[in-house]
Amino acid sequence: MASPLDLLRVPSPVTGLTLPLVMGIVNVTPDSFSDGGRHDSVQAALEHGLKLIADGADILDVGGESTRPGAAPVTPEQEQARVLPVIRALRAQGVKVPVSIDTRNASTARAALDAGADIVNDVSAATHDPRMLSLCAERHCVLILMHMKGDPTNMQQEPRYDDVVREVRDYLLGRVEAAVAAGCAREALWLDPGFCFGKLPEHNFALVRSLGELCATGHPVLLGVSRKSSLGGLTGRPVEDREPESLAAGLIGALKGASVLRVHEAGWMKRALRVAQALW
Ligand code: PMM
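Residues numbered from 1 in each chain as written. Predicted model: local features only at pLDDT ≥ 70, side-chain atom pairs only at ≥ 80, totals over all residues. Heavy atoms only, no water.

A.B. asks: Any chance you could explain the overall build of the protein chain here in plain terms?
C.D. replies: Across its full length, the protein chain holds 11 helices and eight strands. Against the compact-globule benchmark of 19 Å for 280 residues, the protein chain has a radius of gyration of 17 Å, which places it among compact chains. Taking all 280 residues of the protein chain together, 55% fall into the buried category. A separation threshold of at least 6 residues defines the contact pool for the protein chain, and within that pool the share at least 24 residues apart is 69%. Counting 29 positive and 33 negative side-chain charges, the protein chain places the centres of these two groups 3 Å from one another. (Helix = DSSP H or I, 4+ residues; strand = E, 2+ residues; numbered from the N terminus. Rg over C-alpha atoms; globule rule 2.2 N^0.38 Å. Buried < 20%, exposed > 50% of the residue type's maximum accessible area, 1.4 Å probe, protein only. Contact = heavy atoms within 4.5 Å. Lys, Arg positive; Asp, Glu negative; His and termini not counted. Charge placed at Lys NZ, Arg CZ, Asp CG, Glu CD.)

Here it is in structure tokens:
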């Protein structure tokens, strides 16, 4: 299996530029904001993951806990009961692409890595569970550190920043140092500004506009804008009808230097990237 780190360095055969990887979302939850309940059986989640790969996804991100604003937390046991059979089924089907586990719980991350996952995607930047950093250090896996103000139960209650770009970057660099101190390899740490996690639309847009400042840290940057409310607010479209908005925002993120785009419609994003890169 190709390592996620190696994949990041593959230049486009078309332009010679490094293509952003497309991470396809497999939410095994009854309540995620855009696709909750659609893939919450093992079979449905497996079929969805296989479709994302057929559409060109470079990575699959499997999650069992909704992080939409106000979402109720699930126990690690409930979360594992949702995600582990899906990761095992993907590997049993011969899926070779890297699989990431979207979790804040070290016990879920450990079990998912044992089941065949390669990457840990932690929306709390490994602050929720004190065991997360040592686990990722021990397992030598890629760890995605995402910025969030507060937690999903309170993050949209009047978020305030003096300089959102600087504050998010400095926070993530602080988390990098904590991870390195715990034994993680610096190059295995990917950063994510956390679009719509404790931010108003103006904060989200400033972070994408200035994504280059996060990329300048030298860490791969992941951006997750797909179907998010700040995009819907621009066009008045409901969550089930935000693909053009998601593609436009994803392309801007790519042109600003994102290394990974986390999306619901992998095939559409791949096609849009192919065109943008040929024409840029
Ligand atoms: N967004 C969601 C969930 N997990 N992980 C990262 N790293 N970045 C994100 O932006 C992100 C995430 C919420 O979206 P979903 O409910 O559609 O999965």
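A.B. asks: Can you help me understand the packing of aromatic side chains in this one?
C.D. replies: Two measures describe an aromatic ring pair: the distance that separates the ring centres and the angle between the ring planes. For the coordinates displayed, the defined rule picks out zero aromatic pairs. Above the face of the Tyr161 ring, Lys149 is positioned so that its terminal group lies 4.3 Å from the ring centre. (Phe/Tyr/Trp six-rings, centres within 6.5 Å; stacked < 30°, edge-to-face > 60°. Lys NZ or Arg CZ within 6 Å of the ring centre and 35° of its normal.)

A.B. asks: What is the right way to look at the environment of Pro193 in this model?
C.D. replies: Within the secondary structure, Pro193 sits in the loop between β6 (189-192) and α7 (201-209). According to the relative accessible area criterion, Pro193 is buried, its value standing at 1%. A sequence separation of 14 residues divides Pro193 from Leu207, and the C-alpha atoms of the two residues are 6.9 Å apart. Apart from the residues lying within four places of it in its own chain, the contact partners of Pro193 are His147, Val168, Leu172, Lys199, Leu207, Leu211, Leu214, Val221, Leu222 and Leu223.

A.B. asks: I tried to follow the side chain of Asn121 on my own but got confused; where do I start?
C.D. replies: Of note, Asn121 is situated in strand β4 (residues 119-122). At 3.1 Å, the side chain of Asn121 forms a polar contact with the side chain of Asp61. Ignoring any residue separated from it by four or fewer positions in sequence, one finds Asn121 in contact with Asp61, Ser100, Ile101, Asp102, Thr103, Ile144 and Arg262. (Polar contact = N/O pair within 3.5 Å; in protein donor to acceptor, adjacent residues only side chain to side chain.)

A.B. asks: In this structure, what is going on with the site of the ligand? I would like to understand it.
C.D. replies: Taken together, 17 residues are adjacent to the ligand, and Asn121, Asp192, Lys228, Arg262 and His264 come closest. In this structure, a nitrogen atom belonging to the ligand sits 2.9 Å away from a side-chain N or O atom of Asp102. Lys228 is positioned with one of its side-chain polar atoms (N or O) 2.7 Å from an oxygen atom of the ligand. The fraction of the free accessible surface of the ligand (410 Å²) that becomes covered by protein chains is 98%. The residue makeup of the shell around the ligand, split by class, is seven nonpolar, six polar and four charged. (Near = heavy atom within 4 Å. Areas by Shrake-Rupley, 256 points an atom, 1.4 Å probe, with all protein chains shown as cover. Nonpolar A, V, L, I, M, F, W, Y, C, P; charged D, E, K, R; others polar.)

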